[in-house]
Amino acid sequence: MKNYLKNILTVSCIALAFTGCKDFLDTENYIDTNTETFPASETDAIQLVTGIYSALNGSVYEPSASYWMVAMIASDECYGGGGIDDYDCQADDHLLYYEPDVHGDYWSEFIAGVTRANMAIESLEKVENEELRNQLLGEAYFLRSYFLFELTQCFGEIPVLKEVPKRVEDAVLPNPSSVEEIYGTIAAGLKKAIEIMPSKKWNECISGLR
């Protein structure tokens, strides 16, 4: 009987401990940033938009990650050149098949740019400075339109991403959109950028930021 009561007491203490830990474990993360806490300042907002621009890096160091380079090689503007192992450029030069993901880097970089632009558009409403907010939002809308335009020029009918999933595991690449929706989204983004961006130089918009 004594052991039985002891076991009941032990189980009860364990259950009580787990119940009491729930609120303790559900604490705010003060280290990592997320969409609920970022951007927390105007400097954060600028960093957020800078992250969109970084998607352009791939088109600088990798020819197969640049629509303009691929377009020039596929036309009569230049030759594929390179060495005997540069099959991707030589395939573009002769309009031949090399492998299914020959332009996978380009696709990944620019889809990432679209996603970052969507995240910025959703998050920049937290910026209280209206002039700075409109400047950064305008840049985000313009860059999203730019990425979508290049992608559709290279790959044809692409999925148009306009929303940010709440969780990474919920991210799903939708089916390809129609030509009307793709170019409608591109035009709407450019129109929005024109409407909201201040008629000032960029450094004038960020002067005195916090």
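Residues numbered from 1 in each chain as written. Predicted model: local features only at pLDDT ≥ 70, side-chain atom pairs only at ≥ 80, totals over all residues. Heavy atoms only, no water.

1. Quick word on the overall build of the protein
No. 1: Scanning the protein for helices and strands turns up nine helices and zero strands.
No. 2: Along the chain direction, N to C, the helices and strands of the protein fall in the order α-α-α-α-α-α-α-α-α.
No. 3: Here the protein, with 210 residues, has 32% of them falling under the buried criterion.
No. 4: If you take every contact in the protein between residues at least 6 apart in sequence, the share linking residues at least 24 apart comes to 66%.
No. 5: Within the structure as shown, the protein displays about 13900 Å² of accessible surface, and the carbon and sulfur contribution to it stands at 57%. (Helix = DSSP H or I, 4+ residues; strand = E, 2+ residues; numbered from the N terminus. Buried < 20%, exposed > 50% of the residue type's maximum accessible area, 1.4 Å probe, protein only. Contact = heavy atoms within 4.5 Å. Areas by Shrake-Rupley, 256 points an atom, 1.4 Å probe, with all protein chains shown as cover.)

2. Quick look at the packing of aromatic side chains
No. 1: What the rule picks out here adds up to six aromatic pairs.
No. 2: On the basis of an interplanar angle of 85° and a centroid distance of 5.2 Å, the ring pair of Trp107 and Phe155 is categorised as edge-to-face. Residue Trp107 is located in helix H6 (residues 104-123), and its partner Phe155 is located in helix H7 (residues 130-155); the two are separated by 48 residues in the primary sequence.
No. 3: For the pair Phe110 and Tyr146, a centre-to-centre distance of 6.4 Å together with 45° between the ring planes defines the contact as tilted. Residue Phe110 is found in helix H6, and its partner Tyr146 is found in helix H7; the two are separated by 36 residues along the sequence.
No. 4: One aromatic cluster in this structure is built from Tyr106, Trp107, Phe110, Tyr146, Phe147 and Phe155. (Phe/Tyr/Trp six-rings, centres within 6.5 Å; stacked < 30°, edge-to-face > 60°.)

3. Brief notes about the nonpolar core
No. 1: Counting 33 residues, the largest nonpolar core has Ile52, Leu124, Leu136, Phe147 and Leu151 as the members making the most contacts within it.
No. 2: Where this core is concerned, the elements lending two or more residues are helix H2 (42-53), H6, H7 and helix H8 (179-196).
No. 3: Sorting elements by how many residues they give to this core places H7 first, with nine residues.
No. 4: The residues touching Leu124, leaving out its near neighbours within four places in the chain, are Ala45, Leu48, Val49, Arg133, Leu136 and Leu137. (Core = buried A, V, L, I, M, F, W, Y, C linked by side-chain atoms within 4.5 Å.)

4. Points about a nonpolar patch on the surface
No. 1: Taken together, the side chains of Trp68, Phe149, Val179 and Tyr183 define a hydrophobic patch exposed on the protein surface, amounting to about 370 Å² of accessible area.
No. 2: One can find Tyr183 in helix H8. (Patch = residues over 30% accessible without salt bridge, like charges linked within 9 Å, V, L, I, M, F, W, Y side chains within 5 Å. Salt bridge = Lys/Arg side-chain N within 4 Å of Asp/Glu carboxyl O.)

5. A few points about the confidence of the model for the protein
No. 1: Confidence in the prediction of the protein, expressed as mean pLDDT, is 77, and 70% of residues score 70 or more.
No. 2: Every residue in residues 4-9 is under pLDDT 50, and counting partners more than four places away or in other chains gives zero contacts. (pLDDT = per-residue confidence, 0-100.)

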